[in-house]
Amino acid sequence: MAAVILSARGLVRHFGGLRAVDGVDLDLHRGESHALIGPNGAGKTTLVSLLSGRVPVQSGTITLDGVDITRLPAHARVARGVAYTFQITSIYARLSVFDNVALAVQRHPGDLRSGTMAALARVGLDDRAGQEAGTLSYGHQRLLEIAMGLALRPKVLILDEPTQGLANAEIDTFKALVRGLVPDTTVLLIEHNMDVVMDLAHRITVLNFGQVLAQGTPEQIRANPAVQAAYLGD
Ligand SMILES: Nc1ncnc2c1ncn2[C@@H]1O[C@H](COP(=O)(O)OP(=O)(O)O)[C@@H](O)[C@H]1O
Ligand SMILES: [Mg+2]
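Residues numbered from 1 in each chain as written. Chains lettered and ligands numbered in written order. Predicted model: local features only at pLDDT ≥ 70, side-chain atom pairs only at ≥ 80, totals over all residues. Heavy atoms only, no water.

Asks: Please clarify how the site of ligand 1 should be interpreted in this entry.
Replies: What surrounds ligand 1 is the set F15, L18, A20, P39, N40, G41, A42, G43, K44, T45 and T46. At 3.2 Å, a backbone N or O of A42 approaches an oxygen atom of ligand 1. In the model, an oxygen atom of ligand 1 is placed 2.9 Å from a nitrogen or oxygen of the T45 main chain. When the free accessible area of ligand 1 is taken as 560 Å², the share hidden by the protein chains comes to 59%. For the shell around ligand 1, the elements supplying multiple residues, two or more each, are β2 (18-29) and α1 (44-52). Among the elements that line the shell around ligand 1, the one with the most residues is α1, at three residues. Each residue belonging to the shell around ligand 1 can be placed in one class, and the counts come to five nonpolar, five polar and one charged. (Near = heavy atom within 4 Å. Polar contact = N/O pair within 3.5 Å; in protein donor to acceptor, adjacent residues only side chain to side chain. Areas by Shrake-Rupley, 256 points an atom, 1.4 Å probe, with all protein chains shown as cover. Helix = DSSP H or I, 4+ residues; strand = E, 2+ residues; numbered from the N terminus. Nonpolar A, V, L, I, M, F, W, Y, C, P; charged D, E, K, R; others polar.)

Asks: Even after reading the chapter, I still don't get the pattern of salt bridges, so can you show me in this structure?
Replies: Once their charged atoms are close, side chains differing in charge can pair, the charge on each being opposite to the other. Throughout the structure, instances matching the rule amount to nine salt bridges. Put simply, R19 and D22 hold a salt bridge, and the shortest N to O gap is 3.8 Å. A relative accessible area of 52% means that R19 is categorised as exposed. Residue class for D22 comes out buried when judged on its relative accessible area of 15%. The partner of D65 in a salt bridge is K155, and the shortest N-O contact between them spans 3.2 Å. You can see D65 sitting in the loop between β4 (59-64) and β5 (67-68) and its partner K155 sitting in the loop between α5 (138-150) and β7 (156-160), a full 90 residues away along the chain. (Salt bridge = Lys/Arg side-chain N within 4 Å of Asp/Glu carboxyl O. Buried < 20%, exposed > 50% of the residue type's maximum accessible area, 1.4 Å probe, protein only.)

Asks: Would you mind going over helix α3 (residues 97-105) with me for this structure?
Replies: Because an α-helix completes one turn every 3.6 residues, residues spaced three or four positions apart along the sequence face the same direction. Of all nine residues making up α3, seven are buried, and the element is well covered by its neighbours. Listed in full, the buried residues belonging to α3 are V97, F98, N100, V101, A102, A104 and V105. Where α3 is buried, its residues touch α4 (112-122) and α5. (Contact = heavy atoms within 4.5 Å.)

Asks: What is the right way to look at the packing of α3 against α5 in this model?
Replies: Each pair of packed helices can be summarised by the angle the axes make with each other and by the distance between the axes. Remark: α3 packs on α5, axes separated minimally by 7 Å, with the N-to-C direction vectors making an angle of 30°. Regarding the angle of α3 to α5, the classification is roughly parallel. For the pair α3 and α5, the sense of crossing is right-handed. Residue-level inspection shows V97, N100, V101 and A104 of α3 in contact with α5, the latter providing L144, A147 and M148. When grouped by side-chain class, the residues that make up the contact of α3 with α5 number six nonpolar, one polar and no charged. (Axes fitted to C-alpha atoms, helices over the stretch in contact; angles between N-to-C directions. Parallel < 35°, antiparallel > 145°, perpendicular 65-115°, else oblique. Left-handed = near helix turned anticlockwise from the far one by under 90°.)

Asks: It is not clear to me how the layout of surface pockets should be interpreted in this structure. Could you clarify?
Replies: A water-sized probe, rolled over the atoms, reveals where empty space remains. For the second largest pocket, the calculated volume is near 220 Å³. If you go around the second largest pocket, you meet 13 residues; those closest to its centre are A119, R122, L150, A151 and R153. Those elements giving two or more residues to the lining of the second largest pocket turn out to be α4 and α6 (168-181). Ranked by residue count, the leading element in the lining of the second largest pocket is α4, at four residues. Classifying every residue of the lining of the second largest pocket by side-chain character gives seven nonpolar, three polar and three charged. (1 Å grid on protein atoms, 1.4 Å probe; cavity = no way out; pocket = protein on both sides within 12 Å on 5 of 7 lines; lining within 4 Å. Points joined across faces, edges and corners; volume = space filled by probe spheres on them.)

So this is what it looks like as structure tokens:
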């Protein structure tokens, strides 16, 4: 079994009386793609916000390569190799596609242009480098966001519903992209499209009411009666 790169223990984040994340343990194995699934409101976005540092944890610990990062701000986690894209697109609409990615690439030494174009090529947007980002289709904006994450050359890339709003052809591009990222990059993917999950994920965590309902391989998750009742059931 691959070594654990990112590990969370006992993570808690409540909002008032609402237990958005309520004692979650999660291990990401190096080089794998791991899917996080569960009904709307289950706490998926909150959980990855805790992992990325966008939202502070109330209790619990997060380690990256065995180093405690629980209290590090988001930018410090990015510098250590944890990159994430939001559920809501957060591109710079008035900048070109190229410049959006170049802003991320400039954190690394090397050729800005080739690094930027390589990241754009991985998501299939290299032919749109000169276009104003805000004029891209919604699906292409999502892919641009992923290119921005990739340009950071992360160890762990966290994607919150990356295929939401993508056309089928774009979903195929996305799946090929993730297959090409692992095992160099570890991927944590929040995903509602079960075909994408079952196709890509080495391991799956099911969240329900802020707690882990089940974890396992796609086969184990598919066969789990509690998961079928709470989530897959139809
Ligand atoms: N900043 C916040 N303030 C108050 N409640 C929040 C906040 N963020 C999320 N929540 C609530 O926490 C619960 C989990 O939300 P979220 O993590 O977005 O779930 P998911 O991504 O699984 O749909 C929801 O009930 C949501 O309304
Ligand atoms: Mg969400």
